[in-house]
Amino acid sequence: MNRARHFLAVASTSRARWLALLEQTRALARGEAHVPSLRGHNVVTLFLEPSTRTRASFELAARRLGADVVDLSPSSSSLVKGESLLDTARNLEAMGADAIVVRHRVSGTPTRLAPLLRASVVNAGDGTNEHPTQALLDCATILAHKERIEGLRIAIVGDVLHSRVARSDARAFAMLGAHVRLCGPPSLVPEALGALGAEVTHDLDCALEGADVVVALRLQHERQQSGLVTSLRDYRMGWGIDARRWRRTAPGAILMHPGPVHRGVEVDSDLADGPQSVILEQVRWGLFARMAVLADCLDGTPTEA
Ligand code: ASP
């Protein structure tokens, strides 16, 4: 029987577990939590798509907890020789991997892998589906500024269709009682995305009106069919966030972005570097969120599945 504890998606995480992880993330950042020891545990990062922040912070998080870490990049592994992901993962397990942190371009890959392994599987981003640790660090960032998520107006702006961050964020924010608006061109924000528990609008001014939090998203060229965006110039004019548009947000509103940022496309540089920007704080929270998740999967006190 597979007894491992995984972290796969916001959609499959209970509110109780989410709140416990959020509390642990915040306690670790305050230096108040007893830092769990993962000494003697092996964590493998298996990233089959590019990553800067997520991979580095998972590695740092695992090391901070005392675990041994092996990074497998596709160019250095037998995946390029045609070995299946499951075979690779089973071989890693045979060497004693306790947790496998997976990023894959195909949605659902970590969830399909998890029941087939004894190791814990942690989703570091699967296709357009979910990026649950990003949502956890985003919740922690918001709480650091707003002290609550319930009742906040949160606008998620840009290429929602291709964004796993948008899906995880929208689910997490809605689960915690925020009012979520999704905004972007109709080709990138179809009405069906309202199923995430959010309001869909194609008017950026409406989306920003009174918003307490704005999450700007990267235009995901690598996942787009041609024709969804007429030109970068048109996109910027319709849905790029600049200082003039920012005036519609609520006093004290914060600007977030999961990175990498396309300055001058989805958000202007003066905003990305301005006092409203918490983009680098998000990165800092990523370390504590990933520590909380790894500790919970490998050694944590049991909470509800
Ligand atoms: N870094 C985030 C992700 O991997 C956001 C992005 O790439 O646009 O999903």
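Structure's up top.
Now for a quick tour of the structure. What you see is a predicted model; the values in this text were computed from it and never measured.

Helix and strand counts for the chain stand at 11 helices and nine strands. For the chain, whose C-alpha radius of gyration is 19 Å, the value lies close to the compact-globule estimate of 19 Å for 305 residues. Principal axes of the C-alpha set define a box for the chain whose edges measure 55 × 45 × 30 Å. Within the chain, contacts between residues at least 6 apart in sequence are counted, and of these 73% link residues at least 24 apart. Put simply, the chain shows about 12,900 Å² of open surface, and 51% of that area lies on carbon and sulfur atoms.

For the ligand, the full set of nearby residues is Arg103, His131, Arg164, Val165, Arg218, Gln220, Gly259 and Pro260. Arginine 164 places a side-chain nitrogen or oxygen 2.8 Å from an oxygen atom of the ligand. At 3.0 Å, a backbone N or O of glycine 259 approaches a nitrogen atom of the ligand. Relative to its unbound accessible surface of 260 Å², the ligand loses 91% to contact with the protein. Tallied by class, residues from the shell around the ligand come to two nonpolar, three polar and three charged.

Turning next to the pairing of strand S4 (residues 120-126). In terms of burial, S4 is largely enclosed, as seven of its seven residues are buried. In the sheet, strand S3 (residues 99-104) pairs with S4 via five bridges, with the strands oriented parallel. The partner of histidine 104 across the bridge, within S4, is aspartate 126.

This brings us to the sheet that holds strand S1 (residues 42-47). Within the open sheet, the four strands sit side by side as S2-S1-S3-S4. Their pairing is parallel. The open sheet has two edge strands, strand S2 (68-72) and S4, and neither has a second partner. On average, adjacent strands in this sheet sit at an angle of 15 degrees to one another, irrespective of strand direction. Where S1 lies against S2, five bridges are found, and the strand directions are parallel. Across the sheet, the residue bridging to leucine 46 is leucine 72, located in S2. In the packing of helix H3 (residues 85-94) onto the sheet, contacts are made with S1, S2 and S3, and the angle to S1 comes to roughly 160 degrees. Seen against the sheet, helix H11 (residues 279-298) touches S1, S3 and S4 and runs at an angle of roughly 150 degrees to S4.

Pairing in this open sheet of five strands is parallel, and the strands run S7-S6-S5-S8-S9 from one edge to the other. Two strands bound the open sheet, and with one partner strand each, they are strand S7 (199-201) and strand S9 (254-256). The average angle at which neighbouring strand axes cross in this sheet is 20 degrees, direction not considered. Pairing analysis gives three bridges linking strand S8 (residues 213-216) to S9, with the strands arranged parallel. Residue valine 213 lies in a different strand from S9, and its bridge partner there is isoleucine 254.

The rules behind the values
Residues numbered from 1 in each chain as written. Predicted model: local features only at pLDDT ≥ 70, side-chain atom pairs only at ≥ 80, totals over all residues. Heavy atoms only, no water. Helix = DSSP H or I, 4+ residues; strand = E, 2+ residues; numbered from the N terminus. Rg over C-alpha atoms; globule rule 2.2 N^0.38 Å. Contact = heavy atoms within 4.5 Å. Areas by Shrake-Rupley, 256 points an atom, 1.4 Å probe, with all protein chains shown as cover. Near = heavy atom within 4 Å. Polar contact = N/O pair within 3.5 Å; in protein donor to acceptor, adjacent residues only side chain to side chain. Nonpolar A, V, L, I, M, F, W, Y, C, P; charged D, E, K, R; others polar. Buried < 20%, exposed > 50% of the residue type's maximum accessible area, 1.4 Å probe, protein only. Pairing = 2+ DSSP bridges. Axes fitted to C-alpha atoms, helices over the stretch in contact; angles between N-to-C directions.

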